[in-house]
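So the chains spell out like this:
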Amino acid sequence: QVQLEESGGGLVQAGDSLRLSCTTSGRTAAMGWFRQRPGLEREFLAAISWRGGGTLYADSVKGRARIARDSTKTIYLLMHNMTPGDTGVYYCAAQTDGVLASRDVEYDSWGQGTQVTVSS
């Protein structure tokens, strides 16, 4: 397992964009973003592979979200046109060994989550 540190949450106005960052303490095979909205189960948003840079998106955010990585063990989630329905806790997750996945059970390390609130 690795340590994950998220940043970038907070209050966002409807229509604005969101940028979240997550830095890992060690080597991972892939990393992803999930969120848990009030009253709902945690859901997958996007994932990225460190080796090839391949990406995977949930249908619910495809076209509105982008996941990226840099050379410093940090990944980013960019989401555009935020709505109050995007309010929730956003989690970064990592697989130390594996392939791109959308199921949370495939990830063995999790960040503590960062609250994102979208006001109308």
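Throughout this description, residue numbers start from 1 for each chain and increase along the sequence as written. Reporting in this predicted model follows two pLDDT cut-offs: at least 70 for local features of residues, and 80 or more for side-chain atom pairs to be given and counted; totals over whole chains, interfaces and linings ignore these cut-offs and use all residues. With hydrogens and water stripped out, all remaining heavy atoms of the structure feed into the side-chain values.

Asker: I'd love a proper account of the overall build of the protein chain, names of residues and values included.
Answerer: Strands here are runs of E lasting at least two residues and helices are runs of H or I lasting at least four, both read from the DSSP assignment and numbered beginning at the N terminus. For the protein chain, the count of helices and strands is zero helices and eleven strands. The linear arrangement of helices and strands in the protein chain, starting from the amino end, is β-β-β-β-β-β-β-β-β-β-β. Dimensions of the protein chain along its principal axes, counting C-alpha atoms only, are 40 × 25 × 25 Å. A simple rule labels every residue: compare its accessible area, found with a 1.4 Å probe on the protein chains alone, to the largest value its type can have, and call it buried under 20%, exposed over 50%, or partly exposed in between. Here the protein chain, with 120 residues, has 45% of them falling under the buried criterion. The long-range share in the protein chain, meaning contacts at least 24 apart out of those at least 6 apart in sequence, stands at 58%. What sets the accessible areas is the Shrake-Rupley method with a 1.4 Å probe; for residues, cover comes only from the shown protein chains. With an accessible surface of roughly 6,300 Å², the protein chain has 44% of that area assigned to carbon and sulfur atoms. Residues count as neighbours in contact if any of their non-hydrogen atoms are within 4.5 Å of one another.

Asker: I'd like a rundown of the side chain of Ser-21, residues and numbers included.
Answerer: Residue position: Ser-21 is located in strand S3 (residues 18-24). Those residues in contact with Ser-21 that lie beyond four places of it in its chain are Glu-5, Glu-6, Ser-7, Trp-33, Thr-74, Ile-75 and Tyr-76.

Asker: Explain the confidence of the model for the protein chain to me, and be specific about the residues and the numbers.
Answerer: Along the chain, pLDDT gives the predictor's confidence residue by residue, from 0 to 100. Residues at a pLDDT of 70 or more form 100% of the protein chain, whose mean pLDDT is 94. No element of the protein chain has a lower mean pLDDT than strand S1 (residues 4-7), which averages 95, and none a higher one than strand S11 (residues 114-119), which averages 98.

Asker: An account of the sheet that holds S1 is needed here, citing residue identities and associated values.
Answerer: Strand pairing within a sheet occurs via backbone hydrogen bonds; the two strands may be parallel or antiparallel. For two strands to pair, DSSP has to find at least two bridges joining them. The sheet built from four strands is open, its strands ordered S1-S3-S8-S7 with antiparallel pairing. Each edge of the sheet is formed by a strand with only one pairing partner; in this case those strands are S1 and strand S7 (65-69). Strand-to-strand twist across the sheet, computed as the mean angle between neighbouring axes with direction ignored, equals 15 degrees. Taken together, the six bridges between S3 and strand S8 (residues 74-79) define a ladder with antiparallel strand orientation. Opposite Cys-22, over in S8, you have Ile-75 as the bridge partner. Between the N-to-C directions of two axes lies an angle of 0 to 180 degrees, each axis being a line fitted to C-alpha atoms and, for a helix, fitted only over the stretch in contact.

Asker: Go over the layout of surface pockets with me, naming the residues and quoting the values.
Answerer: Approximately 330 Å³ is the volume found for the largest pocket. Using a grid of 1 Å spacing that covers the protein atoms alone, one calls a set of points a cavity when a 1.4 Å probe fits there but cannot get out, and a pocket when the set is open and has protein on both sides within 12 Å along at least five of seven lines; lining residues are those with an atom within 4 Å of a point. Around the largest pocket, the lining is made up of 15 residues, and of these Arg-27, Thr-28, Ala-29, Trp-50 and Arg-51 lie nearest the centre. Grid points are joined across faces, edges and corners, and a volume is the space filled by probe spheres set on the points.

Asker: I'd like a rundown of the nonpolar core, residues and numbers included.
Answerer: We call a set of buried Ala, Val, Leu, Ile, Met, Phe, Trp, Tyr and Cys residues a nonpolar core when their side-chain atoms join them within 4.5 Å. Membership of the largest hydrophobic core comes to 32 residues, with the highest contact counts inside it found for Trp-33, Ile-75, Leu-77 and Tyr-90. Of all the elements in the fold, those that place two or more residues in this core are S3, strand S4 (30-36), strand S5 (43-49), S7, S8, strand S9 (88-95) and S11.

Asker: Please give an account of the pairing of S8 that cites residues and values.
Answerer: Across the six residues that make up S8, a large majority, five, are buried. Pairing of S7 with S8 involves five bridges; the strand directions are antiparallel. Looking at S8, one finds that Arg-69 is bridged to Ile-75. What sits between S7 and S8 in their antiparallel hairpin is a turn of four residues, with Lys-73 showing a positive phi close to 65 degrees.

Asker: If you had to explain the pattern of salt bridges to someone new, which residues and values would you point to?
Answerer: Just to be clear on terms, a salt bridge is a Lys or Arg side-chain nitrogen sitting within 4 Å of an Asp or Glu carboxyl oxygen. Counting across every chain of the model gives seven salt bridges. Close ionic contact of Glu-43 with Arg-37 constitutes a salt bridge, the shortest N to O distance being 2.8 Å. Exposure remark for Arg-37: the relative accessible area of 23% places this residue in the partly exposed category. In the salt-bridge network here, residues are joined through shared partners; they are Arg-35, Arg-37, Glu-43, Arg-64 and Asp-86.

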